[in-house]
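So the chains spell out like this:
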Amino acid sequence: MNMILRSLIVAVVSSCSLFPATYPVYDGYVTDSAGILDGAYHDYLEKLLTALDTRTTAQIAVAIIPSLEGEDLASYNVELFRKWNVGRAGKDNGILFLIAVKERRMRIQTGHGLKDALPDAAAKNILHNTVRPLFKASKMTEGITDGTEAIADAAAKKYGITRTSLGVERPSRQAADMVPVETTISDGAPKHGNGTPWILIVLVIAVTIVIVVIIRRYSGKAAERMRAGRGNSMDR
């Protein structure tokens, strides 16, 4: 019985690893798996970041995902940065701008080769003062676009050029979709209550019920054996 219980407990503990995070497939400089960006703005950002890469070798990737699925924002961003290999080989000059729509959270991951151009303080300033106000005004497309432009400005400056010199024209602001979003926007600070996958919750409950049933069944059988043993002793 003890071995069975230990096995069940191990199953419950290890169940957290049964549902690993899912990462979007790289779909160009802008990967919008949540379907947030207006088509004209998506094309604009793709052209802008392509031109920046061509002129400077700096690579900026924008990832818009529906949900973190219970994963930690910072860990998810670092792993996605690694999976996508953002930045040129040997230069580590990549930047990943991640937006998680359901959790309303965002984060900028900068490669070491661009840390001097976009240190953590500057990245936080972009999120706080450029992106967040537009998100709060339900202008998510514009927030993502302005944030990406600010990141591109920093990267371009490192290589002695300006973003506007790339010659990619931005669509009119009226073309941006007005996507309603919650007003609480986080820039990546620790936050409780991101949510646990419901499948994991159901699994834990089911395993717990099985453990309780097994304990009761074995306890009942043990009691019967004890009573039987007492009866045999009295018959002797």
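Above: the structure in question.
What you are looking at is a predicted structure, and each value in this text was computed from that prediction instead of being measured.

How each quantity is defined
Position numbers for residues start from 1 in each chain and track the written sequence from start to end. Given that the model is predicted, a residue must reach a pLDDT of at least 70 before its local features are reported, and side-chain atom pairs must reach 80 or more before they are shown or counted; all residues, however, enter totals for whole chains, interfaces and linings. Only hydrogens and water are set aside when side-chain values are computed; all heavy atoms of the structure are taken into account. Secondary structure elements are taken from DSSP: a helix is a run of H or I of four residues or more, a strand is a run of E of two residues or more, and numbering for both begins at the N terminus. The contact criterion used throughout is that any non-hydrogen atoms of two residues lie within 4.5 Å. Using a 1.4 Å probe, the Shrake-Rupley method yields the accessible areas, and only the shown protein chains count as cover for residues. Burial classification: accessible surface area is computed with a 1.4 Å probe over protein chains only, and a residue below 20% of its type maximum counts as buried, one above 50% as exposed, and the rest as partly exposed. Seen with its strands pointing away from the viewer, a crossover is right-handed if its path from the first strand over the helix to the second goes clockwise. Think of it this way: DSSP has to see at least two bridges between two strands before they count as a pair. Working definition of a nonpolar core: buried Ala, Val, Leu, Ile, Met, Phe, Trp, Tyr and Cys residues. They are joined through side-chain atoms within 4.5 Å.

Caption draft 1: Geometry of the overall build of the protein chain. Within the protein chain, the regular secondary structure consists of 6 helices and 4 strands. Here the analysis covers contacts within the protein chain between residues at least 6 apart in sequence; of these, 72% occur between residues at least 24 apart. Put simply, the protein chain shows about 13,000 Å² of open surface, and 57% of that area lies on carbon and sulfur atoms.

Caption draft 2: Just the pairing of strand β3 (residues 94–100), in detail. Of all 7 residues that make up β3, 7 are buried, and the element is covered over most of its length. Residue alternation in β3 divides its side chains into two sets, G94, L96, L98 and A100 and I95, F97 and I99, and both sets are buried. Handedness of the crossover joining strand β2 (residues 59–65) and β3 through helix α3 (residues 73–84) is recorded here as right-handed. Linking β3 back to strand β4 (residues 105–110) in an antiparallel pair, the connection comprises 4 residues, with R104 at a positive phi of about 60°.

Caption draft 3: Region of the structure containing the environment of A156. In this fold, A156 is placed in helix α5 (residues 140–158). What makes A156 buried here is its relative accessible area of 0%. In sequence terms A156 and T57 are 99 residues apart; their C-alpha atoms lie 9.9 Å from each other. Each residue touching A156, except ones within four places of it in the same chain, is listed here: L52, I161, T162 and R163.

Caption draft 4: Examining the nonpolar core more closely. In this structure, F97, I99, I108 and I144 are the most contacted members of the largest nonpolar core, which totals 35 residues. Contributing elements (two or more residues each) for this core: α2 (39–56), β2, β3, β4, α4 (120–136) and α5. In terms of residues, this core owes the most to one element, α5, which gives 7 residues. Among all residues touching I144, those that are not within four sequence positions of it are I36, L37, L45, V62, I64, F97, I99 and F135. Formed by 14 residues, the second largest nonpolar core is a distinct cluster that contains A63, Y76, F81 and W84.

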